[in-house]
Amino acid sequence: MPQTKHKSQKIGSILGVRLSSSPSAQLLKEIDGYLEKKQHFFIATPNPEILVAANSDRKLKDILNNADISLADGVGLQIAAAFTGSPSFERIPGRIFMEKLLAQANEKHLKVYFLGSTPSVIKKTLDAISKQFSNVQAFGNSGPQLNREGKPLPKDESALEDTVLKEIRRVKPSLLFLAFGCPKQEKWYDLHKDEF
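All residue numbers here refer to positions counted from 1 along the written sequence of the relevant chain. Selection of residues for local features in this predicted model requires a pLDDT of at least 70, selection of side-chain atom pairs for listing and counting requires 80 or more, and totals for whole chains, interfaces and linings are taken over all residues. By convention in this description, side-chain values take in all heavy atoms of the structure and omit both hydrogens and water.

### Notes on a nonpolar patch on the surface
Move 1: Surface patches are drawn from residues lacking salt bridges whose relative accessible area is over 30%; two like charges belong together within 9 Å, two nonpolar side chains (Val, Leu, Ile, Met, Phe, Trp, Tyr) within 5 Å. Using a 1.4 Å probe, the Shrake-Rupley method yields the accessible areas, and only the shown protein chains count as cover for residues. By convention in these notes, a salt bridge is any Lys or Arg side-chain nitrogen within 4 Å of a carboxyl oxygen on Asp or Glu. Residues Val75, Ile79 and Phe83 make up a contiguous nonpolar surface patch of about 350 Å² in total accessible area.
Move 2: By definition, any uninterrupted DSSP run of H or I lasting at least four residues is a helix, any uninterrupted run of E lasting at least two residues is a strand, and each is numbered from the N terminus. As for its position among the elements, Phe83 is in helix 4 (residues 75-84).

### Quick look at the pattern of salt bridges
Move 1: Across all of its chains, the model carries eleven salt bridges by this definition.
Move 2: Linking Arg58 and Asp62 is a salt bridge whose minimum nitrogen-to-oxygen distance equals 3.2 Å. Of the two residues, Arg58 and Asp62 both sit in helix 3 (residues 58-65), four residues apart, roughly one turn of that helix.
Move 3: Three labels apply to residues, based on accessible area from a 1.4 Å probe with only protein chains included: buried if under 20% of the type maximum, exposed if over 50%, partly exposed otherwise in between. Asp62 sits in the partly exposed class, given a relative accessible area of 31%.
Move 4: Between Glu195 and Arg169 there is a salt bridge, and its shortest N-O distance comes to 2.9 Å. One end of the pair, Glu195, is in the segment after helix 8 (184-192); the other, Arg169, is in helix 7 (residues 155-171), with 26 residues separating them in the sequence.
Move 5: In this structure Glu195 comes out as partly exposed when scored by relative accessible area, which is 32%.

### Quick word on the sheet that holds strand 7 (residues 175-179)
Move 1: Here three strands make up an open sheet; going across it, the order is 6-5-7 and the pairing parallel. This sheet does not close on itself; its edge strands, each paired only once, are strand 6 (137-141) and strand 7. The sheet shows a mean angle of 15 degrees between the axes of neighbouring strands, taken without regard to direction.
Move 2: Contacts are residue-level and defined by heavy atoms, with any inter-residue pair within 4.5 Å sufficient. Axes here refer to lines fitted to C-alpha atoms; in helices the fit is confined to the stretch in contact. Angles between the N-to-C directions go from 0 to 180 degrees. Packing against the sheet, helix 7 makes contact with strand 5 (111-116), strand 6 and strand 7, and its axis sits at approximately 170 degrees to strand 5. The pairing criterion is simple: DSSP has to find at least two bridges between the two strands.

### Concerning the nonpolar core
Move 1: For this analysis, a nonpolar core means a set of buried residues of the types Ala, Val, Leu, Ile, Met, Phe, Trp, Tyr and Cys, connected via side-chain atoms within 4.5 Å. Ile31, Phe97, Val112 and Leu175 are the most contacted members of the largest nonpolar core, which has 22 residues in total.
Move 2: Every element with two or more residues in this core is listed here: helix 1 (24-37), helix 5 (94-108), strand 5, helix 6 (119-132) and strand 7.
Move 3: Counting residues per element, this core draws most heavily on helix 1, which supplies five residues.
Move 4: Sequence-distant contacts of Ile31, defined by excluding residues within four places in its chain, comprise Phe41, Ile43, Ile69, Phe97, Leu101 and Gln104.
Move 5: Counting 17 residues, the second-largest nonpolar core is a separate cluster that includes Phe42, Leu60, Leu77 and Tyr189.

Here it is in structure tokens:
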């Protein structure tokens, strides 16, 4: 299993996928360190369905195992941990953790970028962020349609992907949230991680 950059994080494993078993407060402190040092980091949010998918998709499993933080997003993972002898996991739903990250971003007046979903969801998200986290500079785009390998479907989607990548590089967000769905978002991230 790959080592984390911060040895203080507790790690367990279910179905060969590494999971953070540290409390959310400790993980937020770790992320604060990444942000202060302007270090690249990747957070995955595997739930039981994602672990099952990773069991038959080696690329997805490798990406998940290379995450700096891998949140146990689902009560089923707590139950599985009890049966497999893994450390107990604090269930940390990705949506709840995202709100905590946005609160950190608000304190630090950071830029964030939301990519994926639909134009109407992106608009609602940006509106909600501006109301709840007024110090956050929020940007977003629904982005291209992707195949299961995280690549744009039709050719005109490649042009949209290029536009989005240019915009992300211009904005230089401290946090980039992806909402393409699994395994698209994990594989899209893996294809483009060195560009940010």
